[in-house]
Amino acid sequence: MYALKRFHRAVVAIVLGASLTAPAMASDRELLNSSYDIARELFSAINPEFQEWWQAEHGESIAVQQSHGGSSAQARSILQGLRADVVTYNQVTDVQVLADAGLVDEDWQEQFDNNASPYYSTTAFLVREGNPKGIENWDDLARDDVSLVFPNPKTSGNARYTYLAAWGFAEEAFDGDEEQVHDFMRTFLRNVAVFDTGGRGATTSFIERGIGDVLISFESEVNNIRGEYGEDDYEVIVPPISILAEFPVAVVQTNAERNGNDDLARGYLDYLYTEEGQRLLAGFNYRVHHEAVVEEFADQFPETELMRVEDIVGSWEEAMDAHFSGGALLDQLQRR
Amino acid sequence: MQRIGDAPAVRRLLVFLAVALSALFLLLPLVAIFAQAFAQGIGVFWANVNNHYTLAAISLTLFVTVLTIPMCLVFGVALAWLVTRFSFPGRRILQTLIDIPFAVSPVVAGLIYLLLYGRNGWLGGWLDTHDIQLMFAWPGILMVTIFVTCPFVARELIPLMQAQGSREEEAAVTLGAPGWTIFRRVTLPNIRWALLYGVILTNARAVGEFGAVSVVSGAIRGQTNTLPLHLEQLYQDYNTVGAFASASLLALIALLTLAAKASMEWRAARREVHA
Amino acid sequence: MSTRSLSIGIGSTPKRVLPGFGLSLGISLTFVSLVLLLPLTGLVGQLADLSLAQYWAIISDGRVVASYIVTIGAAAVAAIVNAAFGLLLAWVLVRYEFPGKRLLDALMDLPFALPTAVAGITLATLYSSNGWMGRLLEPLGLQVAYTWVGIALAMAFTSIPFVVRTVQPVLEDMPVEVDEAALTLGASDGTAFRRVILPHLWPALVTGTGLAFVRSLGEFGAIIFIAGNMPYETEITSLMIFVRLQEYDYAGASAIASVILFVSLALLLAINIWQGRFIKRLHGGRG
């Protein structure tokens, strides 16, 4: 009997605890932003600023909730009923999935500037102190004495950019000679020491396990990693030619209307384009468009030629079909 | 009284082997977790634990676990009683069906719930029009947690109850005892340790489940993030200390469960001495 | 075989002396239908979208087949190691008193309590070439991280509680008289253990090992960090499923998952049937 009573009390305490930690002011409107897994600190910094900005502009106090995960898994959740108002992803294809399902407007890429990509980045290299292997460009990565770390293009959007950048480089270097491009890609892929499923796993392999000579990831990421793990121990190499990585945003129209957040959702994404928003983004090593901010951070981002996915393979859809789907080029290049 | 393996040499050898291997295989990872959690001192550890999102994750995880255990307990006892005390067609099939959760990988387990109750699912459409949100809210997390943990109690009880046989209960029936009394007085004392192990495993797995929960949770920070999901998020953020601080909390919950078991054993032993 | 067990089932119906058949049957069936079978219809629904030829093409793809071999091989090694290690631990925990016993007992559940990803990251940290263990093992020529040994290690770690916690209650329940009888007959420790204790433990040990094996087949989080995931060499089947999910290919994911599901259920059914017979023999024909 005594034990039962205690059990009851425990449940009550826990239920109370859970309800106390729920959002304190139910009257505030709440916006849910579904984002990719490594953007938590970025949006933790942006959200309070946006709340103030919205308060100043509209005199309304609001709250922003965050959900993070792998970009595809996040889109899947929304397809299956997660009521997110806006998405801020690192994969165009994952927003397109939502558009195809009718949750996001067909013309979402026209609704905001720069293809609805308020910030962008590129693929860059992180090498160990002093760059002992002398890595400067993509052809260095297909040398026999170099070992690479980047995640599996099948599970990581980040790695799909890496793969396509290498492909685009090879196409240019070999003037589109198919056989030479395939040979280059085969060697490039064979040089990978570990295929982690996500970017974070690859970082751990490279930094904490000491595997590989080069870590390949978004420029923003390799800069953040260097900041996190030691400016002196690692160097960032931005190759003279690389790929444009867009970070698309969209309003999930169906959900925003249902939640009565249409204006708020648009306001949130607009804020990312304002000078303050762009400055916050640049602070996390993302490249931005706002001229004043671009000038301010010019030292941070070396000039480099950025290829577009569309120029390399036509479109994301074609990239998925021809390269990444089951049995396509990536599988063929890795076959033994 | 003499027992097998009582010779001091045998005993010392076996204890040494068990302790040495466990230390290498189980204790070392635990030490590594705590070492990482406290790598930047106790202050940073505490700051990571005593934070709004971590506390919300802890309370959600405990809430789901506390609701999961009684469900699994009732089901496990009923099923074990059914398959070990009666013989009926389809018994082996039923006994095998309860192992489905072990045979399904956790991510797939989450996915099948999503395919059924999600917006595009068979039942999900109806739920959506009636504005009932099961997935991406705590009920969904509870549902998959029950799915993943429900075999444990039954699985602990079945081999034991089979080995014991039903003679004692049958004797009680011939003496005219009613069903509930038989269960409480005859069966329960015989199975209580297995039952306890079942609960401990259920608890451990419910607290630590990641794969299935990650699919149905929606991972809204402070709302539907369980402790394992929160931990993963911190790890993605390069907050290794924060991630391992959460991991050490999960390990701590496991250790506390065991402490509870030890105190129950101790009380039971004392009661036997008094009786 | 099935007709025999069926006839026994029907034959024994009138002899049902214990109460609670209706209640326990009701609870069990309701639960099994709602919690286990209903959601599985989702999986079946996905599979129904595939033609047989498509299904076969998905599950017999060269890279997927290579992953079956890696997964099953490593899981078998992990299960065998765990059978021995788990039996030893259960025995020591039940039969002996020694300092630190409570802590050892508590440690057994650790693998379940840790989210599998933490286990994976921690094991990879310990066993990679610059980790505490890796530094000791690598000079001996044993590379653990990023090889199938690492996969087996992660599997063994996550499934050890199954063996220990299944054997433990049966061992605790074993009366002293069993030991005494065996020893007064003049048997040595080894013989007595083999002839008297082990037969009694068989059902629990086999169940525990079987569960450990099955759990290892489906494990993802703990393995992925230590496996290295090289195509055809260290890719596990769960990763193949995960990849399909990332591509929104639910049907493909379900197809590969169904292979693991069938193998696991067949194995567990075999164990259950064998166990029923074994117990019947042990109890002299009574179930």
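All values reported here derive from a predicted model rather than from experimental measurement. Residue indices follow the written sequence of each chain, beginning from 1 at its first position. Each chain takes a letter, starting from A, and each ligand takes a number, starting from 1, following the order in which they are written. Reporting in this predicted model follows two pLDDT cut-offs: at least 70 for local features of residues, and 80 or more for side-chain atom pairs to be given and counted; totals over whole chains, interfaces and linings ignore these cut-offs and use all residues.

**Q** What's the story with the overall build of chain B in this structure? I'm lost.
**A** Put simply, DSSP H or I for four residues or longer makes a helix, DSSP E for two residues or longer makes a strand, and each gets a number counted from the N terminus. Counting its secondary structure elements, chain B contains 14 helices and zero strands. Ordered by position from N to C terminus, the α and β elements of chain B give α-α-α-α-α-α-α-α-α-α-α-α-α-α. Counting only C-alpha atoms, chain B reaches 60 × 55 × 35 Å along its principal axes. Three classes are used. A residue is buried when 20 or more other C-beta atoms lie within 10 Å of its own, exposed when 12 or fewer do, and partly exposed in between, with C-beta atoms placed from the backbone. Taking all 275 residues of chain B together, 57% fall into the buried category. Distance between backbone-placed C-beta atoms decides contact: two residues are in contact if it is within 7 Å. Counting only contacts in chain B whose residues sit at least 6 apart along the sequence, the fraction spanning at least 24 positions is 74%.

**Q** Any chance you could explain the overall build of chain A here in plain terms?
**A** Within chain A, the regular secondary structure consists of 17 helices and twelve strands. On C-alpha atoms alone, chain A measures out to a radius of gyration of 22 Å, which is about the 20 Å that the 2.2 N^0.38 rule sets for 336 residues. With respect to the three principal axes, the spread of C-alpha positions in chain A is 70 × 55 × 40 Å. Counting all 336 residues of chain A, 48% fall into the buried class. Long-range pairs, those at least 24 residues apart, make up 71% of the contacts in chain A between residues at least 6 apart in sequence. Here the globule rule is a power law, 2.2 Å times the number of residues to the power 0.38, and the radius of gyration is based on C-alpha atoms.

**Q** What is the right way to read unusual backbone geometry from this model?
**A** The phi torsion of most residues other than glycine is negative, and most of the peptide bonds are trans. With phi around 60°, A:Ala116 is a residue other than glycine that occupies positive phi space. Judged by the 21 C-beta atoms lying within 10 Å of it, A:Ala116 is buried. Of note, the phi angle at C:Asn229 is positive, near 55°, even though the residue is not glycine. The exposure class assigned to C:Asn229 is buried, which follows from the 25 C-beta atoms found within 10 Å.

**Q** Got a minute to help me understand the UniProt feature "domain: ABC transmembrane type-1" (unreviewed entry) in chain B in this structure?
**A** Annotation from UniProt places "domain: ABC transmembrane type-1" (unreviewed entry) at residues 58-262 of chain B. With 79% helix and 0% strand, the stretch residues 58-262 of chain B has end C-alpha atoms that lie 24 Å from each other. UniProt positions are given in the numbering used here, feature names are shortened, and annotations may be inferred rather than shown by experiment.

**Q** Could you clarify how one ought to interpret the UniProt feature "transmembrane region" (unreviewed entry) in chain B in this entry?
**A** Residues and elements named next belong to chain B. UniProt feature "transmembrane region" (unreviewed entry): in the numbering of this structure it lies at residues 55-84, 96-116, 136-154, 194-220 and 240-260. Secondary structure content for residues 136-154 is 84% helix and 0% strand, and the end C-alpha separation is 29 Å. Between the end C-alpha atoms of residues 240-260 the distance is 30 Å, and the span holds 100% helix and 0% strand.

**Q** Would you explain the domain arrangement of chain A in this entry?
**A** All names here are of chain A. The start and end points of each domain follow an automatic or database-based domain assignment. Under the domain assignment, chain A is made up of domain 1 (29-118 + 247-300) and domain 2 (125-243 + 304-334). Look at where the C-alpha atoms of domain 1 and domain 2 centre, and you get two points 27 Å apart. At the junction of the two partners, domain 1 supplies eleven residues and domain 2 supplies eleven residues. As a working rule, the residues Ala, Val, Leu, Ile, Met, Phe, Trp, Tyr, Cys and Pro are called nonpolar, Asp, Glu, Lys and Arg charged, and the rest polar, with Gly in that last group. Looking at the side of domain 1 that touches domain 2 residue by residue, the class counts come to four nonpolar, six polar and one charged.

**Q** Sorry if this is basic, but what is going on with the sheet that holds strand 1 (residues 29-36) of chain A here?
**A** Strand pairing in a sheet relies on backbone hydrogen bonds, with the paired strands running either antiparallel or parallel. Residues and elements named next belong to chain A. Taking strand neighbours across the sheet as the criterion, the four strands line up as 2-1-3-10 in an open arrangement whose pairing is mixed. Two strands lie at the open edges of the sheet, namely strand 2 (62-69) and strand 10 (249-251), each paired on one side alone. Averaged over all pairs of adjacent strands, the angle between strand axes in this sheet comes to 20°, irrespective of strand direction. In this structure, strand 1 lies alongside strand 2, joined through eight bridges in parallel fashion. The residue of strand 2 that forms the bridge with Ser 34 is Ser 67. Relative to strand 2, helix 2 (residues 40-58) is tilted by about 165°, and along the sheet it contacts strand 1 and strand 2. With respect to the sheet, helix 12 (residues 262-273) is in contact with strand 1, strand 2, strand 3 (86-88) and strand 10, its orientation differing from that of strand 10 by roughly 160°. Paired strands, in this sense, are two strands between which DSSP finds at least two bridges. Axis definition: a line fit to C-alpha positions, over the contact stretch in the case of helices; interaxial angles, taken between N-to-C directions, run 0 to 180 degrees.

**Q** Help me out: how do you make sense of the interface of chain B and chain A in this one?
**A** When the parts of a complex come together, some accessible area is lost, and that lost area is often taken as the interface size. The interface of chain B with chain A comprises 26 residues on the first partner and 24 residues on the second. Taken together, the elements giving at least two residues each to the side of chain B that touches chain A come down to helix 3 (52-85), helix 7 (124-129) and helix 13 (227-236) of chain B. Per element, the largest residue contribution to the side of chain B that touches chain A is seven residues, and it comes from helix 3 of chain B. Class assignment of the residues belonging to the side of chain B that touches chain A gives a composition of 13 nonpolar, nine polar and four charged.

**Q** Help me understand the interface of chain C and chain B in this model?
**A** Taken together, the contacts link 103 residues of chain C with 93 residues of chain B. Per element, the largest residue contribution to the side of chain C that touches chain B is 16 residues, and it comes from helix 2 (residues 21-48) of chain C. Considered class by class, the residues forming the side of chain C that touches chain B number 66 nonpolar, 24 polar and 13 charged.

**Q** What should I look at first to understand the environment of A:Leu164 in this one?
**A** Residues and elements named next belong to chain A. Position of Leu 164 among the secondary structure elements: in helix 7 (residues 157-173). Owing to 22 C-beta atoms within 10 Å, Leu 164 belongs among the buried residues under this scheme. With 131 residues separating them in the primary sequence, Leu 164 and Asn 33 have C-alpha atoms 28 Å apart. Dropping the residues within four chain positions of it, Leu 164 is found in contact with Ile 243, Val 309, Ile 312, Val 313 and Ala 319.

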